There are 2 protein chains.
Amino acid sequence: MGITKSDLFTKQQNELANMAKAIAHPARIAILQYLLKKNACITGDLVDELGLAQATTSQHLKELKNAGIIQGNIEGASVCYCINPKIWKRYNTLFNAFFREVKDSDSNCC
Amino acid sequence: MGITKSDLFTKQQNELANMAKAIAHPARIAILQYLLKKNACITGDLVDELGLAQATTSQHLKELKNAGIIQGNIEGASVCYCINPKIWKRYNTLFNAFFREVKDSDSNCC
DNA sequence: GATTATAATCGTAATATTGCGATATGGGCA
DNA sequence: TGCCCATATCGCAATATTACGATTATAATC
């Protein structure tokens with residue numbers, strides 16, 4: 001096999017897992033952090049920043065775009081990327097809800 | 001290739017990416033949610049809960065244990081699992097820091 | 001001691017991810 | 001039009017992930 005059995009889980013569980021997958025690579029974390037810092041930038045900036053090949057960088061950007069967490073606007077010959085604040089807030093909300101406080105007393109094993 | 005170039009990124013970026021990877025599967029989300037609800041349970045409970053084979057469930061438990069987010073205590077013939085509150089809090093802290101507020105005005109592309 | 005229950009591990013197949021060179025596409029400019 | 005620049009996409013190789021049956025290891029029970 002090798003295919004996730006999504007049908008066994010709730011919509012919410014699949015959504016959160018997919019969100020986690022979108023950021024489950026250091027290059028994609030680095031892209032998002034760079035966009036947070038610079039507000040916006042073009043692909044070439046990220047190729048320089050990351051140190052990965054242009055094709056690889058483009059692929060990571062595609063995954064982030066598919067997840068909706070960034071958006072790209074065509075700017076002449078370049079493409080300008082930035083965070084999508086609406087989706088970003090949804091990530092923030094869902095992760096916060098998931099990682100709600102755990103009391104130490106909650107976790108005494110059996 | 002197929003191997004992540006971890007050396008290109010900071011320790012913090014790799015750590016956050018690895019945390020995201022640990023929860024980047026709906027079965028592992030479901031396990032954590034079940035543990036949050038029940039406080040603690042044994043492997044067999046999770047096999048019933050998830051609907052995945054025993055071997056598969058055990059594998060997901062191993063990944064969560066490797067990530068440190070859960071711990072297992074041997075309880076006779078069974079193994080009792082629970083959240084590791086220390087690591088859980090670290091996850092909460094790092095994800096919160098990452099998903100800090102983004103102002104709408106921050107994300108006007110170019 | 002043999003049997004049963006519980007869970008980890010092994011081996012393997014299917015699929016997904018990561019990375020990059022090569023190639024395509026489309027805009028700007030001489 | 002012809003030539004560069006910036007990106008996306010294709011094709012491929014290496015590796016990782018997901019899933020499960022079979023096996024193993026240990027503990028409880030008869």
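Our subject in this report is the structure included herewith. This structure is a prediction, so every number in the text was calculated from the model and none was measured.

1. Digging into the relation of the copies chain A and chain B
It takes a turn of 180 degrees to lay chain A on chain B, together with a shift of 0.0 Å along the axis; the resulting RMSD is 0.0 Å. Taken together, the rotation angle and the small translation identify this as a two-fold axis. The C-alpha atom lying nearest the rotation axis in chain A is that of Ala20 of chain A; the distance is 2.5 Å.

2. Notes on the packing of aromatic side chains
Residue and element names in this part refer to chain A. Counted by the stated rule, this structure contains 13 aromatic pairs over all chains. With a centroid separation of 6.3 Å and 40 degrees between ring planes, the pair formed by Tyr91 and Phe95 is classed as tilted. In this pair, Tyr91 and Phe95 are both assigned in helix H5 (residues 85-98), four residues apart and thus about one turn of the helix distant. Neither Tyr91 nor Phe95 differs from the other in exposure class; each is buried.

3. Some thoughts on the interface of chain A and chain B
Listed by partner, the interface residues are 53 residues for chain A and 53 residues for chain B. When chain A packs against chain B, the two sides together hide about 4700 Å² of surface, and 67% of this comes from carbon and sulfur. Three residues stand out in chain A for area buried against chain B, namely Phe98, Phe99 and Cys109 of chain A, and they jointly supply 15% of the buried area on that side. In this structure, the connection of chain A to chain B is made through zero salt bridges. At the boundary of chain A and chain B, one finds ten residue pairs in polar contact (both at pLDDT 80 or more). Going through the elements one at a time, helix H1 (11-22), helix H2 (26-38), strand S2 (70-75), strand S3 (78-83) and H5 of chain A are the ones with two or more residues in the side of chain A that touches chain B.

The rules behind these values
Residues numbered from 1 in each chain as written. Chains lettered and ligands numbered in written order. Predicted model: local features only at pLDDT ≥ 70, side-chain atom pairs only at ≥ 80, totals over all residues. Heavy atoms only, no water. Least-squares fit on C-alpha atoms with pLDDT ≥ 70 in both. Phe/Tyr/Trp six-rings, centres within 6.5 Å; stacked < 30°, edge-to-face > 60°. Helix = DSSP H or I, 4+ residues; strand = E, 2+ residues; numbered from the N terminus. Buried < 20%, exposed > 50% of the residue type's maximum accessible area, 1.4 Å probe, protein only. Contact = heavy atoms within 4.5 Å. Buried area = accessible area lost by both parts, 1.4 Å probe. Salt bridge = Lys/Arg side-chain N within 4 Å of Asp/Glu carboxyl O. Polar contact = N/O pair within 3.5 Å; in protein donor to acceptor, adjacent residues only side chain to side chain.

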